[in-house]
Amino acid sequence: QSSSGAKHLDDATLVRALRRAALLPWRDARFWRRAADVVAKKDTMAGRDLAQVCLAFRRVDFPSRILSQHCLSYVTSASPSFNTFELSAVLAYFSSAGAGLPGAEDFICKMADEAVAPWRQRETVPRSAWK
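Residues numbered from 1 in each chain as written. Predicted model: local features only at pLDDT ≥ 70, side-chain atom pairs only at ≥ 80, totals over all residues. Heavy atoms only, no water.

A. Summary view of the packing of aromatic side chains. Scanning the entire structure with this criterion turns up five aromatic pairs. Pairing Phe31 with Trp32 gives two aromatic rings, centres 5.0 Å apart and planes at 90 degrees, and the pair type is edge-to-face. Pairwise contacts between aromatic rings join Phe31, Trp32, Phe57, Phe62 and Tyr93 into one cluster. (Phe/Tyr/Trp six-rings, centres within 6.5 Å; stacked < 30°, edge-to-face > 60°.)

B. The arrangement of the pattern of salt bridges in detail. The full count for this structure, using the stated rule, is one salt bridge. One salt bridge connects Lys42 with Asp11, and the closest N-O pair in it is separated by 3.3 Å. One end of the pair, Lys42, is in the loop between α3 (29-40) and α4 (47-59); the other, Asp11, is in helix α2 (residues 11-23), and 31 residues separate them in sequence. Taken individually, Lys42 and Asp11 each receive the classification buried, so the pair is uniform in this respect. (Salt bridge = Lys/Arg side-chain N within 4 Å of Asp/Glu carboxyl O. Helix = DSSP H or I, 4+ residues; strand = E, 2+ residues; numbered from the N terminus. Buried < 20%, exposed > 50% of the residue type's maximum accessible area, 1.4 Å probe, protein only.)

C. Representation of the environment of Tyr93 within the structure. For Tyr93, the position within the fold is in helix α6 (residues 84-97). For Tyr93, a relative accessible area of 1% corresponds to the buried category. In sequence terms Tyr93 and Ser68 are 25 residues apart; their C-alpha atoms lie 7.9 Å from each other. Leaving out residues up to four positions away in the same chain, Tyr93 has contacts with Cys54, Phe57, Arg58, Phe62, Pro63, Ser64, Leu67, Ser68 and Gly98. (Contact = heavy atoms within 4.5 Å.)

D. Representation of the nonpolar core within the structure. Ranked by size, the top nonpolar core spans 36 residues in total, and within it Leu18, Trp32, Val39, Leu50, Val53, Phe57 and Leu67 carry the most contacts. Of all the elements in the fold, those that place two or more residues in this core are α2, α3, α4, α5 (65-78), α6 and α7 (104-122). In terms of residue count, the dominant contributor to this core is α6 (six residues). In contact with Phe57, not counting residues within four places along its chain, are Leu18, Trp32, Ala35, Ala36, Phe62, Ser64, Leu67 and Tyr93. (Core = buried A, V, L, I, M, F, W, Y, C linked by side-chain atoms within 4.5 Å.)

Below, the structure written as structure tokens:
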């Protein structure tokens, strides 16, 4: 499908297409660059969908600066309520692909703290154990 057609895909169809493409043995950089562009142009995307996109990009080991910037701005500005799985998937991708972006290290630390917050609330562990 052309890149102009991909811009009009709904989130579920786009995520499904990227997950299927990640299962194939080929790694066409042009395809993944276009996919990152399409995802980055979406104003809103469910946390689960963004997590699945990040997992697909990680599976093919394609570090996209555009997708990394989108993850950084989307998670920090919109402050959607991500669950632990979604935060960890986005953080895992970003930590491997977002190196060198301004504010990357602070973002990784902040998101890691946020991802383990539910665990911290459930467990009675001394502070020194999770610091």
